[in-house]
Amino acid sequence: MTTPPPGTPTIVQFTPLPSQTHPSFWHKLTELKLDVLKLSDAEVEIGGRYGVGRVFRDREAAGEKWVGVGGSLGVDEGSFGGQTTTTTTTSVPVGTAVARGIVKNFNTIEEFKAADKSKIFNQVADKIWSSIHTTKSTTLLNTFLVITYADLKKYKYFYWFAFPAFVSKPAWYIDGALGWVGAAAAAAAATTTGGGGGGGPGYSHDQLKSILDQLHKSAHSGSKPLPYFLVRSSGTTTVDVVPVEEYDPSKDRYTDTLDSTGTGTGTGTAIGFIDPSAGEQNPGWPLRNLLAYIRALYPGDSTKRLKVVCWRDSYVPRGEDGWKSRVGVITLGDGDGTGVGDGKRPDAVGWEKNVQGKLSPRVADLAPMMDPTRLANQAVDLNLKLMRWRIIPSLDLEKIAGTKCLLLGAGTLGCYVARCLMGWGVRTITLVDSARVSFSNPVRQPLFQFSDCLNGGEPKAECAAARLKEVWPGLNATGVSLSIPMPGHPIPESPPSIMEQTRKDVERLERLIEEHDVVYLLMDSRESRWLPSVICRAKGKLVMNAALGFDTFLVMRHGARPAKGEEGGVDEDLKGARRHLGCYYCNDIVAPADSLTDRTLDQMCTVTRPGLASIAASTAVELMMSVIQHPDGFRAAAPPPQSNPNDYPHPSEGGEGEGSSVLGLVPHQLRGYLAQFRNLHVVGAVYDRCTGCSETVIEAYEKEGFSMMLRAFNDPKYLERLTGLDKLYDEGEKAFEGVDWDEGEDEF
Amino acid sequence: MIDVTMQTRLRFEKACRLFISKYDSVLPSFSNTTFRGWCWNEYNDLPSFGYMSRSTALTVRLSTRASVVDDAEQIIDEAVDEASLRSPGTQTFACRQYVVYSATFQVPCLYFTISHSNGTPLSADELVHTSLFHSATLDSTTTTSFAVTHPSSLFPLLSQGDHPSLGTPCWYLHPCETVKSMQEVLAEDKTEMSKEERLVRWLEVWFLVIGNMVDLRV
């Protein structure tokens, strides 16, 4: 603000009072509407409170930076009175004013919009004005109005506050150079510049403390707190705080000899009010009606120059100059002003502006806190965000939430993997299975229950997806019934519909893989993993593979197909191996073939210790999380194998190097032995004759597509011929003829 | 020596009532703003589930985008009034704080809600940038792996849950760390005092412990 020359009168501008609606106000209004008001749109009396504006040192900023925070008129569940709770209150704290208000709730949005706002507003203004003349009380001076429409189906509330304030014509002016000054600073200036006798516009520390004490006591003596008051100076040091109603023009007249530097003396009474403004040069809105009150009841010349105390302290400050209240001497412009003498009501203003600064209603959308589905979404995120606050600040939760996961197999592993992914806040989970829920499933497969097995059983994939959505409605879960063709399981030539179905299934699978980022292989047979492995390798998707034995498990990530020109050989120190990781089939010297036909029941079903599946499933999900947090993603090299697991660094020890992400290591394969409660890291290099990921196979798939697959399904020897495994086998047989083997080598 | 826990709901209620009346009668000063403004609430039909509550205003530590949006259309015109200040003012949030008794941990527990001026709740991201939180408490960008390097630090276990008496959605500071911290502080306190003074002192210490995590000064 540029300082005007001394003596220039500046118009006093008042800070509008903002509204603050507590969520419980909307809860209560909803109750009232449903239980009491129903279709009535009668006005209901409510209460509200506003506090003093505050200025405090910005604790974050360096040096002396002060932030002003204005008070606002708050309404909450207590506003409606008639509470079901008993409250033992500290009365009303110092620095808080109580205001009365009227709420008018409309039945439809159309009525709300079409309502004659000026009429409603003017009725309230009339009521305030007549109360001044009839009761001479200040009780209704700060009356407010709020009109509402509650859309109870969508938890949406339309509302508009108004704080009617009388416009003084002529306006009030303050000396532009002197302006509003700190209540304590002004006293110091006045005394040091020779004002003498405690004159000047301000007050001493003891006087301010006395005012605070009297305001405090007035709120506690059972009488009402004073939103407006008089500060009478009697003698040189004592100040008395009395209600404005006791104003006596002969006794309380303010006179001074102040010049534009603030030098001089002033005597008489100041009018004070609880000031919600935090503006240095702007008193708060409630002063406007107080001035109107004084002028209306005491229209003489004695009230054309007034000393005003903008009370902004709710406690004794730390230092004697820490008082936040401000004082100013204001003068009425030329003329007597409207409403003076003739009793005619001055114009009033005071509709609250919305966030955009427009004179327009506001909206509160409470669906996020009242709609259970949206509440759940927030809660899911919160738990994860807590990890980031302290433990892993650089955890990329958005990346996890945005990762779309395809789960091939909705059995024991599929159920556990899905639940664990949900725990990480993954939003898209698609399950694929061709089976139906059977009676043996529910006890081991946590997404199913007994009723799902009845009448032939629900399709597993769809059923699991539906259950996931019951756990968390915010999840995008889909179930797809699809049977995955397998090598060594020939497709009969007739009827042709079977061939057509197989072609469709393959296309469906290709499309599903295309649409997801991570593919989990969670089937119960070895050969069913072949087709998705090949497609994922070709399409560059991360494959997470989990397989169960009786008390052992394998969890691994398939290596990524090297970019062109980076194929590179395998280094002797395994560094190359750790970069070019193999797939599920890389250690095999035979192609995947039919392992299901001609087997006994215990060989066909996965007979495992019941706790194993959840351990393997969780391990697979956690490995995926570590991998996608790694800057190289699914191309991340595996950590060097350690003979002693204790030698692996913990992520907190800055182990975020090769083979490690913010979550820790990104191993290639983990083999778990439940009998020993032991996990082993294994790194397997890519094998150039692999039936699952060698370039020969991938290129053949890319070139020939479905016909290549068909050959693999129908001809058990096709893949071995394609990759040259058959030759290797023959060579091996020859080389090893006549060799005696020492038993006892580690099987890995 | 003061007890480490509150032990019973009745003692909690007594402590709260004594605490409220103590700070209701003394002159408010800058040093006791944390202890001021509390009132005791109790349901008529649930007499033993009382709690303390108060309302405060918060500001934002870091400037965030205005997440509350209203219609832009101006639907009425008021006469231009040159005595009205046209300024948006500082963004403030309403904070409702509750001190409830945790029967499990036998200590009080701080529940709170923070809402925009229209009553909509702040998101978790917005929440931690309000002046309720000390910047060091939750500012993860400057503190890496803090929990691991300083396992003894007061971890702000902030959770979302229903208010035990009101049933409305709230945030709360998990009380599991409170007992340990209370133990440390109370072990130092050897002052002789009456039974009632001890109860009030207990709550004051509790507020100071909680004050390490959230800023309860007004």
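Residues numbered from 1 in each chain as written. Chains lettered and ligands numbered in written order. Predicted model: local features only at pLDDT ≥ 70, side-chain atom pairs only at ≥ 80, totals over all residues. Heavy atoms only, no water.

Novice: How would you sum up the overall build of chain B? Please name residues and give values.
Specialist: Along the backbone of chain B there are six helices and six strands. Helices and strands in chain B line up, N terminus first, as α-β-β-β-β-α-α-α-β-β-α-α. The buried share among the 218 residues of chain B stands at 52%. Pairs at least 24 apart in sequence give 66% of the contacts found in chain B among residues at least 6 apart. Accessible surface, chain B: about 9,900 Å² in total, of which carbon and sulfur atoms supply 53%. (Helix = DSSP H or I, 4+ residues; strand = E, 2+ residues; numbered from the N terminus. Buried < 20%, exposed > 50% of the residue type's maximum accessible area, 1.4 Å probe, protein only. Contact = heavy atoms within 4.5 Å. Areas by Shrake-Rupley, 256 points an atom, 1.4 Å probe, with all protein chains shown as cover.)

Novice: Mind laying out unusual backbone geometry, listing which residues take part and the relevant values?
Specialist: All names here are of chain A. Note the cis peptide between Lys-169 and Pro-170, where omega equals 0 degrees. In this structure, the amide linkage connecting Ser-494 to the following residue, Pro-495, adopts the cis form with an omega of 0 degrees. In this structure, Pro-495 sits in the loop between β24 (476-481) and α13 (496-515). With a phi angle near 55 degrees, Lys-136 is a residue other than glycine that sits in the positive phi range. On the secondary structure map, Lys-136 appears in the loop between α3 (117-135) and β9 (144-151). The residue Tyr-155 is not glycine, and still its phi comes out positive at about 55 degrees. Within the element layout of this structure, Tyr-155 appears in the loop between β9 and β10 (156-166).

Novice: Tell me about the side chain of B:Thr59, and please be specific about residues and values.
Specialist: With respect to the secondary-structure elements, B:Thr59 resides in strand β2 (residues 46-59). By relative accessible area, B:Thr59 is classed as buried at 7%. Leaving out residues up to four positions away in the same chain, B:Thr59 has contacts with A:Phe56, A:Val69, B:Gln91, B:Thr92, B:Phe93, B:His129, B:Thr130 and B:Ser131.

Novice: So what's going on with the pattern of salt bridges? Which residues, and what values?
Specialist: Residue and element names in this part refer to chain A. Using the criterion set out here, one finds 27 salt bridges over all chains in the structure. Here Lys-28 and Glu-31 are joined by a salt bridge, their closest N and O atoms 3.6 Å apart. Remark: Glu-31 and Lys-28 occur in helix α1 (residues 23-37); sequence separation between them is three residues, near one turn of the helix. For Glu-31, a relative accessible area of 43% gives the class partly exposed. (Salt bridge = Lys/Arg side-chain N within 4 Å of Asp/Glu carboxyl O.)

Novice: Before we move on, can you summarise a nonpolar patch on the surface with the specific residues and values?
Specialist: Residue and element names in this part refer to chain A. Taken together, the side chains of Phe-439, Phe-450 and Leu-454 make up a nonpolar region of the molecular surface, amounting to roughly 340 Å² of accessible area. Assignment of secondary structure puts Phe-450 in the loop between β23 (428-433) and α12 (460-471). By relative accessible area, Phe-450 is classed as exposed at 55%. (Patch = residues over 30% accessible without salt bridge, like charges linked within 9 Å, V, L, I, M, F, W, Y side chains within 5 Å.)

Novice: Report on the sheet that holds strand β22 (residues 404-408) of chain A, specifying residues and quantitative values.
Specialist: Residues and elements named next belong to chain A. One open sheet holds the eight strands; their spatial order is β24-β23-β22-β25-β26-β27-β30-β31, and the pairing between them is mixed. Two strands bound the open sheet, and with one partner strand each, they are β24 and β31 (678-682). Each strand of the sheet is rotated relative to its neighbour by a mean of 15 degrees, with strand direction disregarded. Contacting β22, β23, β24 and β25 (518-521), α13 runs over the sheet at an angle of about 145 degrees to β22. (Pairing = 2+ DSSP bridges. Axes fitted to C-alpha atoms, helices over the stretch in contact; angles between N-to-C directions.)

Novice: Before we move on, could you go through helix α14 (residues 530-539) of chain A and cite the residues and values that matter?
Specialist: Residue and element names in this part refer to chain A. α14 sits mainly inside the fold: eight of its 10 residues count as buried. Listed in full, the buried residues belonging to α14 are Trp-530, Leu-531, Pro-532, Ser-533, Val-534, Ile-535, Cys-536 and Arg-537. Looking one or two places after α14, you find Gly-540, whose phi comes out positive at around 70 degrees.

Novice: Could you give an account of the pairing of β10(A), with specific residues and numbers?
Specialist: All names here are of chain A. Among the 11 residues in β10, 10 count as buried, and that is most of the element. Both β9 and β10 contribute to a ladder of seven bridges, which runs antiparallel. Paired with Ala-150 across the bridge in β10 is Tyr-157. In sequence, β9 turns back onto β10 through a hairpin of four residues, with Tyr-155 there showing a positive phi of about 55 degrees. Sheet analysis places β10 next to strand β21 (residues 362-365), joined by four bridges and oriented antiparallel. Looking at β21, one finds that Phe-158 is bridged to Val-363. Pairing of β10 with strand β20 (residues 348-351), which is carried by three bridges, proceeds in the antiparallel orientation. In the sheet register, Phe-166 faces β20, and the bridge partner there is Ala-348.

Novice: With reference to specific residues and values, describe the packing of α14(A) against helix α18 (residues 695-704) of chain A.
Specialist: Residues and elements named next belong to chain A. In the contact formed by α14 and α18, the axes pass within 10 Å of each other and the chain directions differ by 85 degrees. Between α14 and α18, the interaxial angle falls into the category roughly perpendicular. Here Trp-530, Val-534, Ile-535, Arg-537, Ala-538 and Lys-539 of α14 come into contact with α18, specifically with Val-697, Ile-698, Tyr-701 and Glu-702. Of the residues in the contact of α14 with α18, the class split is seven nonpolar, no polar and three charged. (Parallel < 35°, antiparallel > 145°, perpendicular 65-115°, else oblique. Nonpolar A, V, L, I, M, F, W, Y, C, P; charged D, E, K, R; others polar.)

Novice: Before we move on, could you go through the packing of aromatic side chains and cite the residues and values that matter?
Specialist: Residue and element names in this part refer to chain A. On inspection of all chains with the given rule, the structure shows 29 aromatic pairs over all chains. The rings of Phe-25, Trp-26, Phe-80, Phe-144, Tyr-157, Tyr-159, Phe-161 and Phe-163 are connected pair by pair, giving a single aromatic cluster. The ring of Phe-112 has Lys-117 sitting right over it, with the charged end atom 5.9 Å from the ring centre. Above the plane of the ring of Trp-285 lies Arg-288, whose end atom (NZ or CZ) is 4.7 Å from the centre. (Phe/Tyr/Trp six-rings, centres within 6.5 Å; stacked < 30°, edge-to-face > 60°. Lys NZ or Arg CZ within 6 Å of the ring centre and 35° of its normal.)

Novice: Before we move on, can you summarise the state of the cysteines with the specific residues and values?
Specialist: Residue and element names in this part refer to chain A. Tallying each qualifying case throughout the model produces zero disulfides over all chains. With no disulfide partner, Cys-693 has as its closest neighbouring cysteine sulfur the one in Cys-586, 3.4 Å distant. The exposure class assigned to Cys-693 is buried, which follows from its relative accessible area of 2%. (Disulfide = S-S within 2.5 Å.)

Novice: Break down the confidence of the model for chain B for me, citing the residues and quoting the values.
Specialist: Residue and element names in this part refer to chain B. Predicted confidence across chain B gives a mean pLDDT of 78, with 78% of residues reaching 70 or more. Mean pLDDT per element in chain B: helix α4 (residues 146-149) is the minimum at 27, and strand β4 (residues 107-115) is the maximum at 92. Contacts from residues 139-156, a stretch scored under 50 in pLDDT, to residues over four places away or in other chains number 28 contacts. (pLDDT = per-residue confidence, 0-100.)

Novice: How would you explain the pairing of β25(A) if you had to name every residue and give the values?
Specialist: All names here are of chain A. Covered by surrounding structure in β25 are Val-518 and Tyr-520 together with Val-519 and Leu-521, the residues of both alternating faces. Bridge count between β25 and strand β26 (residues 542-548): four bridges; the pairing is parallel. Bridge pairing in β26 links Val-519 to Val-543. In this fold, β25 hands off to α14, which returns the chain to β26; that crossover is right-handed. (Right-handed = clockwise from strand over helix to strand, strands pointing away.)

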